[in-house]
Amino acid sequence: MPLTDTAIRALKPKATRYSRTDERGLVLEVFPTGGMLWHYRYRLNGKQERVTLGRYPALSLKLARAERDKRETLVAQGQSPAIQKRLAKQGAAPDTTVAEFGERFFRDVVAKDRRDLTIPRRYFDKSIVPAIGTKAVRDVTTEDVRAIIWKKKDEGFDAAAGNIRSVLKRLFDYAQTAGLVATNPVLALPMRHVHKAKARARALSPDEIRAFLKAAFESNIRRQFKIGLHLILLTMVRKSELLLARWEHVDLEQAEWHIPAEHSKTGKPHIVFLSRQAVALFRELRALAGGSELVMPGRGSLTKPFAHNAINTALKTALQGQDIPAFTIHDLRRTASTLLHENGWPSDVVEKALNHTIGGVRGVYNRAEYAPQRREMLQFWADTIEQLMTTGQVVLGRFKRVA
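Worth saying up front: this structure is predicted, and the values here are computed from it rather than measured. (Residues numbered from 1 in each chain as written. Predicted model: local features only at pLDDT ≥ 70, side-chain atom pairs only at ≥ 80, totals over all residues. Heavy atoms only, no water.)

Q: Describe helix 8 (residues 206-218), listing the residues and the values that go with them.
A: With 13 residues, helix 8 extends 18 Å between its outermost C-alpha atoms, agreeing within 8% with the 18 Å of an ideal straight helix rising 1.5 Å per residue. Of all the residues in helix 8, the buried ones are Glu208, Ile209, Phe212, Leu213, Ala215 and Ala216. Buried residues of helix 8, seen end-on, are gathered within an arc of 165 degrees and therefore sit on one face of the element. Residues of helix 8 that are buried in the fold lie against helix 9 (223-235), helix 12 (308-319), helix 13 (330-342) and helix 16 (371-391). (Helix = DSSP H or I, 4+ residues; strand = E, 2+ residues; numbered from the N terminus. Expected span 1.5 Å × (residues − 1). Buried < 20%, exposed > 50% of the residue type's maximum accessible area, 1.4 Å probe, protein only. Arc of directions from axis to C-beta. Contact = heavy atoms within 4.5 Å.)

Written out as structure tokens, the structure is:
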């Protein structure tokens with residue numbers, strides 16, 4: 001039965017709070033203190049929601065019904081009044097653009113689950129913003145996102161198209177959570193139709209390692225990239241760890257490279273023990289750095305590192321015309337791991353050198369750093385690569401230990 005002003009004035013407080021309903025989801029809650037509060041209850045996408053409208057008598061029955069009618073219209077449009085109210089408090093207007101919301105997305109979502117924002121940020125800035133950056137988030141359609149993704153596919157970059165799709169999906173997932181959109185426009189484009197990632201198992205053979213290094217050092221790519229590719233193979237580090245490396249973290253006297261937590265994929269500091277060959281390569285990079293604090297300062301700047309794709313491009317250039325099946329820079333880490341495991345080095349020592357997190361019960365209880373073993377193993381690995389380059393042969397089986 002609908003409420004009336006007379007009925008409301010007759011309501012008395014009780015020991016516990018209770019409610020009286022009006023029409024179409026309007027509810028008046030009565031508290032033991034005598035205070036009264038209006039709510040609007042509704043269902044959206046199969047879920048029950050509630051939004052507070054205001055206190056009685058400041059908000060009269062007539063005004064409460066008017067406020068209910070406004071929210072009812074939003075629900076009919078597929079929008080959540082509760083989330084809209086929260087957005088208003090947070091300063092996120094319904095007409096927020098993709099570019100504006102993207103900044104919040106990177107700050108509140110992406111930055112919390114990854115330390116390096118370079119790759120998703122590049123996709124957002126270079127592919128998404130130019131296409132729909134000025135468009136209100138609520139107005140973006142499936143056709144809009146399809147055009148962005150398929151443009152990259154048509155250019156022949158299916159993996160990049162998949163990455164862009166992932167950024168867009170997460171962005172609109174968050175927009176849906178924030179109440180800016182009722183549905184995610186990216187969901188109509190399943191990832192299996194954009195790009196199906198293949199598990200990689202590429203590891204270079206000894207002959208391929210020799211051919212790769214020979215091709216790299218005889219190519220016309222920058223000397224820094226030649227050394228960088230060689231160092232990644234010798235030290236088993238990630239590409240990003242080398243590109244972000246600073247001289248303050250490299251101790252050539254102690255033959256140690258300390259990767260700080262903010263540069264490490266695991267979020268934990270990591271020590272790379274440098275072979276004598278790696279030390280020599282670092283010394284050459286220092287001469288090429290021109291006084292920069294960065295180990296590999298980018299082209300035309302002593303304060304910024306090379307872009308991540310610059311060294312990828314260098315690898316492709318170096319391998320042009322070579323009879324070597326395609327591989328990525330990350331495959332150099334797999335190559336080292338594969339050959340070291342095949343030749344008898346303990347898995348935990350190899351995994352620690354790779355800066356992998358050891359899973360399972362063993363990972364929980366095994367806190368060993370294996371520093372002496374890692375130092376010895378990396379020196380033997382560098383000696384093996386050197387032997388391969390100078391003699392064209394490598395002795396398989398457990399490497400001969402050096403005193």
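Q: Lay out the pairing of strand 1 (residues 18-21) in plain terms, naming residues and giving numbers.
A: Across four bridges, the pairing between strand 1 and strand 2 (residues 26-30) is antiparallel. In the strand pairing of strand 2, serine 19 is matched with glutamate 29. Count of turn residues in the strand 1/strand 2 antiparallel hairpin: four residues, of which arginine 24 carries a positive phi of about 55 degrees. (Pairing = 2+ DSSP bridges.)

Q: Quick rundown of the packing of aromatic side chains? Include the residues and the values.
A: Under the counting rule described, the total for this entry stands at ten aromatic pairs. Judged by centre distance (5.4 Å) and plane angle (85 degrees), the ring pair of phenylalanine 212 and phenylalanine 327 falls under edge-to-face. Residue phenylalanine 212 is located in helix 8, and its partner phenylalanine 327 is located in the loop between helix 12 and helix 13; the two are separated by 115 residues in the primary sequence. As far as the burial class goes, phenylalanine 212 and phenylalanine 327 line up, both buried. Lying over the aromatic face of phenylalanine 106, arginine 121 brings its terminal NZ or CZ to 4.7 Å of the ring centre. The ring of tryptophan 150 carries the charged tip of lysine 153 above its face, separated from the ring centre by 5.7 Å. (Phe/Tyr/Trp six-rings, centres within 6.5 Å; stacked < 30°, edge-to-face > 60°. Lys NZ or Arg CZ within 6 Å of the ring centre and 35° of its normal.)

Q: I'd like to hear about the nonpolar core, residue by residue, with values.
A: By size, the foremost hydrophobic cluster in this structure holds 61 residues, and its most contacted members are Ile209, Phe212, Trp257, Leu274 and Phe282. For leucine 274, the residues in contact, after removing those within four places along its chain, are Thr235, Val250, Leu252, Ala255, Glu256, Trp257, Val279 and Phe282. The next biggest cluster of nonpolar side chains, apart from the first, holds 30 residues, and it includes Ile164, Val167, Phe172 and Val194. (Core = buried A, V, L, I, M, F, W, Y, C linked by side-chain atoms within 4.5 Å.)

Q: Quick one: what's the story with the pattern of salt bridges, residue by residue and with numbers?
A: By the definition in use, this model includes 32 salt bridges. The partner of aspartate 22 in a salt bridge is arginine 68, with the nearest N and O atoms 3.6 Å apart. Here the residue aspartate 22 occupies a position in the loop between strand 1 and strand 2, and arginine 68 occupies one in helix 2 (residues 61-76), the gap between them amounting to 46 residues. Side by side, aspartate 22 and arginine 68 carry an identical accessibility label, which is buried. Between arginine 202 and glutamate 208 there is a salt bridge, and its shortest N-O distance comes to 3.0 Å. Taking relative accessible area as the criterion, arginine 202 reaches 15% and is therefore assigned buried. (Salt bridge = Lys/Arg side-chain N within 4 Å of Asp/Glu carboxyl O.)

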